[in-house]
Amino acid sequence: MNDILLELLYSILGGFILSNISIIIFQIVSFHPYSRPTIPVFIQSLSVLFCLAIIIQLNDGITNFSNSMRFGLTEGIVDILTILPIFYVLMLYFLFRASIRSLPEDPLLALLDSE
Amino acid sequence: MIEGSMQIWLGFFLLLLGVSFGRMGPSFQRNRYYLYFLLLGFLSLCVQLYVPNKQELVISNSLENFLPWFSTGFLGYYLVLIGAPTYWKTRYPQLISGWVVILFSFFLYLQYNSDLAIMEVLIASSTLIGILISVLSFALLVRIVENRIPLEEPAPELTDREKEFVRQIISNNIGVDDK
């Protein structure tokens with residue numbers, strides 16, 4: 001398979017694995033009497049295993065599930081760290097708007113000023 | 001080498017546990033120790049005592065390139081939010097220094113990530129597809145599970161004793177005499 005396509009696929013699988021593992025841990029850790037995490041956790045675990053198997057099939061250097069998990073999580077974490085600057089710049093727009101906007105006239109605040 | 005790798009994964013899972021503990025249940029039932037988990041996880045990820053394996057070294061290097069500009073930018077955001085006229089008058093020292101710190105974070109980003117190619121960023125952004133699929137499928141699963149729960153029968157009417165009990169509680173709370 002084309003190297004770039006392979007990288008893209010690893011990136012998508014990495015994001016999927018990282019996100020699913022995070023949600024699974026969240027559901028288990030934040031268990032309470034009204035939550036019903038059994039079916040979602042079971043299906044998410046199966047889908048993660050399926051992705052790990054795909055990585056083992058595609059990557060010759062990876063032969064077992066633990067290495068595949070490490071590889072997938074690493075891909076997900078590194079990719080998120082790489083694209084965070086884009087969101088950082090997007091947030092700057094809102095920060096700039098917050099910096100330049102003027103407060104509406106408030107008689108209570110004016111009263112505080114006069115004191 | 002294995003110790004370094006274990007330390008990174010320990011830090012990662014402690015961070016996840018901390019975030020999960022911090023978001024569990026209603027606000028008054030959140031786990032008290034989430035902050036300690038977060039701090040421990042953060043320290044475990046950032047303070048490397050051993051050299052990790054090749055796989056985890058990638059994470060370690062990414063963090064080394066990420067933390068300087070991100071922590072600076074975070075400080076800048078904080079200062080700007082303090083100085084911005086959101087709830088009070090503009091505080092110019094904080095606002096201006098915040099923007100200066102944010103500009104400095106850009107400089108740090110370019111310093112630490114000068115070798116980053118556009119193609120790498122484009123490929124990395126495809127991870128959002130994976131995250132989106134995961135979150136949507138989770139929402140779908142939760143919806144299916146919730147829809148399978150049968151509706152409960154309507155609650156029976158309160159008995160006279162229960163009515164009296166409720167009346168007493170309300171009377172006590174609003175300070176009205178029983179009579």
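Right above here is the structure, for reference.
Position numbers for residues start from 1 in each chain and track the written sequence from start to end. The lettering of chains begins at A and the numbering of ligands begins at 1, in the order of writing. In keeping with the model being predicted, local features are shown solely for residues with a pLDDT of at least 70 and side-chain atom pairs are shown and tallied solely at 80 or more, while totals for entire chains, interfaces and linings include all residues. Only heavy atoms go into the side-chain values, all of them from the structure, while hydrogens and water stay out.

Participant: Give a detailed account of the overall build of chain A, specifying residues and quantitative values.
Facilitator: Only DSSP runs of H or I reaching four residues or more are called helices, and only runs of E reaching two or more are called strands; each is numbered from the N terminus. Regarding its fold elements, chain A presents four helices and zero strands. Each helix and strand of chain A, ordered N terminal to C terminal, gives the series α-α-α-α. Within the span of chain A, comprising 115 residues, buried residues form 41% of the whole. The contact criterion used throughout is that any non-hydrogen atoms of two residues lie within 4.5 Å. In chain A, the proportion of contacts linking residues at least 24 apart, taken out of those at least 6 apart, comes to 57%. Surface exposure of chain A reaches about 6,800 Å², of which carbon and sulfur atoms provide 69%. The cut-offs for exposure are 20% and 50% of the maximum accessible area for each residue type, with area from a 1.4 Å probe on protein chains only; residues under the lower value are buried, those over the upper are exposed, and the others partly exposed. The Shrake-Rupley method, run with a 1.4 Å probe sphere, supplies the accessible areas, and residue values consider only the shown protein chains as cover.

Participant: Before we move on, could you go through the interface of chain A and chain B and cite the residues and values that matter?
Facilitator: Each partner contributes residues to the interface: chain A has 53 residues there, and chain B has 54 residues. Together, the buried faces of chain A and chain B total about 4,900 Å²; carbon and sulfur atoms form 78% of this surface. Accessible surface is computed with a 1.4 Å probe, and the buried area is the amount of it that two parts give up when combined, taken over both parts together. Ranking the residues of chain A by area buried against chain B places R70, Y88 and L95 of chain A at the top, with a combined share of 13%. In what follows, salt bridge is the name for a side-chain nitrogen of Lys or Arg lying within 4 Å of a carboxyl oxygen of Asp or Glu. Taken together, chain A and chain B are joined by one salt bridge. Put simply, R70 of chain A and E56 of chain B hold a salt bridge, and the shortest N to O gap is 2.7 Å. N or O atoms closer than or at 3.5 Å make up a polar contact, with two conditions inside protein: a donor-capable atom paired with an acceptor-capable one, and, for residues adjacent in sequence, both atoms drawn from side chains. For the pair chain A and chain B, the number of links is 11 residue pairs in polar contact (both at pLDDT 80 or more). Mapped onto the side of chain A that touches chain B, the elements with two or more residues apiece are α1 (3-29), α2 (38-58), α3 (65-100) and α4 (107-114) of chain A. The element best represented in the side of chain A that touches chain B is α3 of chain A, accounting for 24 residues. Under this grouping Gly is polar, as are all residues other than the nonpolar Ala, Val, Leu, Ile, Met, Phe, Trp, Tyr, Cys and Pro and the charged Asp, Glu, Lys and Arg. The residue inventory of the side of chain A that touches chain B, partitioned by class, reads 34 nonpolar, 13 polar and six charged.

Participant: Lay out the layout of surface pockets with the relevant residues and their values.
Facilitator: Over the atoms, a rolled probe matching the size of one water molecule traces out where space is still vacant. A cavity here means a set of points on a 1 Å grid, drawn over the protein atoms and nothing else, where a 1.4 Å probe fits but cannot get out; a pocket is an open set with protein on both sides within 12 Å along at least five of seven lines, and a residue lines either one if it has an atom within 4 Å of a point. Grid points are joined across faces, edges and corners, and a volume is the space filled by probe spheres set on the points. Approximately 940 Å³ is the volume attributed to the largest pocket. Surrounding the largest pocket, 27 residues form its lining, L81 of chain A together with L15, F42, L45 and F66 of chain B being those nearest its centre. Breaking the lining of the largest pocket down by element, the ones donating at least two residues are α1 and α3 of chain A together with α1 (2-23), α2 (34-46) and α3 (54-83) of chain B. In the lining of the largest pocket, the residues fall into 23 nonpolar, three polar and one charged. For the second largest pocket, the calculated volume is near 680 Å³. Lining the second largest pocket are 26 residues, and of these V78 and T82 of chain A together with V58, S62 and E120 of chain B lie nearest its centre. Looking at side-chain class alone, the lining of the second largest pocket contains 12 nonpolar, eight polar and six charged residues.

Participant: Talk me through the side chain of S105 of chain B; I want residue IDs and the actual numbers.
Facilitator: Residue placement: S105 of chain B occurs in helix α4 (residues 92-112). With relative accessibility at 1%, the residue S105 of chain B sits in the buried group. Apart from residues no more than four positions distant in its own chain, S105 of chain B is found in contact with Y88 of chain A together with W69, T72 and G73 of chain B.

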